[in-house]
Amino acid sequence: MKYLDVVGPDKPTSRIGLGTWQFGSREWGYGEGYSSHEATRIVARAVEAGITLFDTAEAYGFGRSERILGTALAECGALETSVIATKLFPVFPIAPVVGSRGRASAGRLGVSSIDLYQVHQPNPVIRDGTTMAGLRVLQNDGTVGCVGVSNYSLSRWQEAERELGRPVVSNQVQFSLAHAGPLDDLVPYAADNDRVVIAWSPLAQGLLSCRYDAGNPPSGAVRRLNPLFVEENLERAAGLLDALRDIAGGHDVTPAQVALAWLIHQLRVVAIPGASSVEQVDKNAE
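Computed from a predicted model, the values in this text were never measured in an experiment. (Residues numbered from 1 in each chain as written. Predicted model: local features only at pLDDT ≥ 70, side-chain atom pairs only at ≥ 80, totals over all residues. Heavy atoms only, no water.)

Trainee: What is the right way to look at the pattern of salt bridges in this model?
Mentor: Opposite charge on two side chains permits pairing when their charged atoms draw close. Using the criterion set out here, one finds 14 salt bridges in the structure. In this structure, the salt-bridge partner of aspartate 242 is arginine 245, at a minimum N-O distance of 3.0 Å. Of the two residues, aspartate 242 and arginine 245 are both situated in helix H9 (residues 238-251); the distance of three residues between them amounts to about one turn of the helix. (Salt bridge = Lys/Arg side-chain N within 4 Å of Asp/Glu carboxyl O. Helix = DSSP H or I, 4+ residues; strand = E, 2+ residues; numbered from the N terminus.)

Trainee: How should unusual backbone geometry be read in this particular structure?
Mentor: The bulk of non-glycine residues show a negative phi, and the bulk of peptide bonds are trans. Positive phi, close to 50 degrees, is recorded for phenylalanine 92, a residue that is not glycine. Counting through the fold element by element, phenylalanine 92 comes out in the loop between strand S5 (83-88) and helix H3 (95-109).

Trainee: Can you help me understand helix H4 (residues 128-140) in this one?
Mentor: Between its terminal C-alpha atoms H4 stretches 18 Å, which fits the 18 Å expected from 13 residues at 1.5 Å a residue. Inspection of H4 places Asp128, Thr131, Met132, Gly134, Leu135, Leu138 and Gln139 among the buried residues, and these make up the whole buried set. Looking straight down H4, one finds its buried side chains confined to an arc of 155 degrees; they lie on one side. On the buried face of H4, the contacting elements are S5, H3, strand S6 (114-119), strand S7 (144-150) and helix H5 (154-164). Remark: glycine 142 follows H4 within two positions and exhibits a positive phi of approximately 90 degrees. (Expected span 1.5 Å × (residues − 1). Buried < 20%, exposed > 50% of the residue type's maximum accessible area, 1.4 Å probe, protein only. Arc of directions from axis to C-beta. Contact = heavy atoms within 4.5 Å.)

Trainee: Even after reading the chapter, I still don't get the nonpolar core, so can you show me in this structure?
Mentor: One recurring pattern in soluble globular proteins is that nonpolar side chains are buried together. Judged by nonpolar contacts, the single largest core of 69 residues is most densely connected at Leu18, Leu135, Trp157 and Leu207. Ranked by the residues each element gives to this core, the list is headed by helix H10 (residues 255-265), at six residues. Those residues in contact with leucine 135, other than ones at most four positions away along the chain, are Val98, Tyr117, Val119, Val147 and Leu164. (Core = buried A, V, L, I, M, F, W, Y, C linked by side-chain atoms within 4.5 Å.)

Trainee: Mind showing me how you'd approach the side chain of serine 176 here?
Mentor: Tracing the sequence through the fold places serine 176 in the loop between strand S8 (168-174) and helix H6 (186-193). Every residue in contact with serine 176, bar those within four places of it in the chain, is listed here: Ser201, Pro202, Ala204, Leu208, Trp262 and Leu263.

Trainee: Honestly, the layout of surface pockets in this entry has me stumped. Any pointers?
Mentor: Empty space among the atoms can be located by rolling a probe the size of a water molecule over them. Put simply, the second largest pocket is a space of about 210 Å³. Considering the residues around the second largest pocket, the lining is formed by 13 residues, among which Ala261, Ile264, Asn284, Ala285 and Glu286 are closest to the centre. Of the residues forming the lining of the second largest pocket, the biggest block, five residues, is contributed by H10. Of the residues belonging to the lining of the second largest pocket, the class tally is eight nonpolar, two polar and three charged. (1 Å grid on protein atoms, 1.4 Å probe; cavity = no way out; pocket = protein on both sides within 12 Å on 5 of 7 lines; lining within 4 Å. Points joined across faces, edges and corners; volume = space filled by probe spheres on them. Nonpolar A, V, L, I, M, F, W, Y, C, P; charged D, E, K, R; others polar.)

Trainee: Please explain the packing of aromatic side chains as it appears in this structure.
Mentor: The geometry of an aromatic ring pair comes down to the distance between the two centres and the angle between the two planes. Going through the model one piece at a time under the given rule, you end up with four aromatic pairs. With 5.1 Å between their ring centres and 70 degrees between their planes, tryptophan 157 and tyrosine 189 make a pair best called edge-to-face. Of this pair, tryptophan 157 sits in helix H5 while tyrosine 189 is found in helix H6, placing the two residues 32 residues apart along the sequence. Classification of tryptophan 157 by relative accessible area gives buried; the value is 1%. Ring centres of phenylalanine 175 and tryptophan 262 lie 5.8 Å apart, and the angle between their planes is 65 degrees; this geometry places the pair in the edge-to-face category. (Phe/Tyr/Trp six-rings, centres within 6.5 Å; stacked < 30°, edge-to-face > 60°.)

Trainee: Hey, could you run me through the sheet that holds strand S10 (residues 269-271) in this one?
Mentor: The pairing of strands in a sheet happens through backbone hydrogen bonds and is either parallel or antiparallel. With parallel pairing, eight strands are arranged side by side in an open sheet as S3-S4-S5-S6-S7-S8-S9-S10. Both edges of this open sheet fall to strand S3 (18-19) and S10, since each of them pairs with a single strand only. Bridge count between S3 and strand S4 (residues 53-55): two bridges; the pairing is parallel. The residue of S4 that forms the bridge with glycine 19 is aspartate 55. In this fold H3 packs onto S5 and S6, with an angle of close to 135 degrees to the strand it touches most, S6. Sheet contacts for H10: strand S9 (196-200) and S10; angle to S10, the most-contacted strand, approximately 155 degrees. (Pairing = 2+ DSSP bridges. Axes fitted to C-alpha atoms, helices over the stretch in contact; angles between N-to-C directions.)

Trainee: I keep staring at the pairing of S8 and nothing clicks. Help me out?
Mentor: Each regular strand carries side chains that alternate between the two faces of the sheet. The buried count for S8 comes to six of seven residues, which makes it a mostly enclosed element. Where S7 meets S8, four bridges bridge the pair, whose relative direction is parallel. If you follow valine 149 over to S8, its bridge partner there is asparagine 171. Note that the unit made of S7, H5 and S8 has a crossover that is right-handed. Where S8 meets S9, five bridges bridge the pair, whose relative direction is parallel. Paired with valine 173 across the two strands is alanine 199, which belongs to S9. (Right-handed = clockwise from strand over helix to strand, strands pointing away.)

The analysis is restricted to geometry; functional conclusions fall outside its scope.
This is the structure in structure tokens:
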């Protein structure tokens, strides 16, 4: 496993992390057994494989993902050594609200301090001044270590940092071979300024695993709502998927591993694929 220094040298951040949107979230259709049993096995295996970055959010399963993740990390003795990242859903994100919800997330996770606390998305009405004021209080009292943002443009990322008055160390955005826009500005900015781009949906919800095509579309509710899986776009992606298969065959790896390797080849980029099984965790880590 390769690592970056994101939240501090005493807690190296793995270039491949684990995204936990599916923990406790009904929309993925994995069932109760996944949340109550398989999720714990997945976290334990991720720790064994050298993964240190675990990403969740208060919006995932209405806080249930945070609880499942915190309990699973505690059970395998990795709660204090892992880089735990969660996200504030920015509904009325004024300073007092930010403070109370940050402390609530820490409580659900079972930690005294959240390593990386991120604003889940920019609020279209409330600018970042009051939100960052709340995050600054959380940093000052030790509830939050580092601050990040998610789904921010470069200009708003920079604005958030000015309002915080301290580094906003990361920006978590949709980034993959199917959504390569961050290469234009966010990735160069991170590389030049010792910041980090965290790639969510790094496998484009399974598209880049080459499991789906125009003749075999996905059946799950989340993927059915993703424009990538419209028949026209699946047909447009055929050339990319063929290239992934060719490269994977030449190196005796999977197409998904090629797609993840491409991402972490970029400077100051980490990826947080989800996993539906222990076997998938192993493949992602490899």
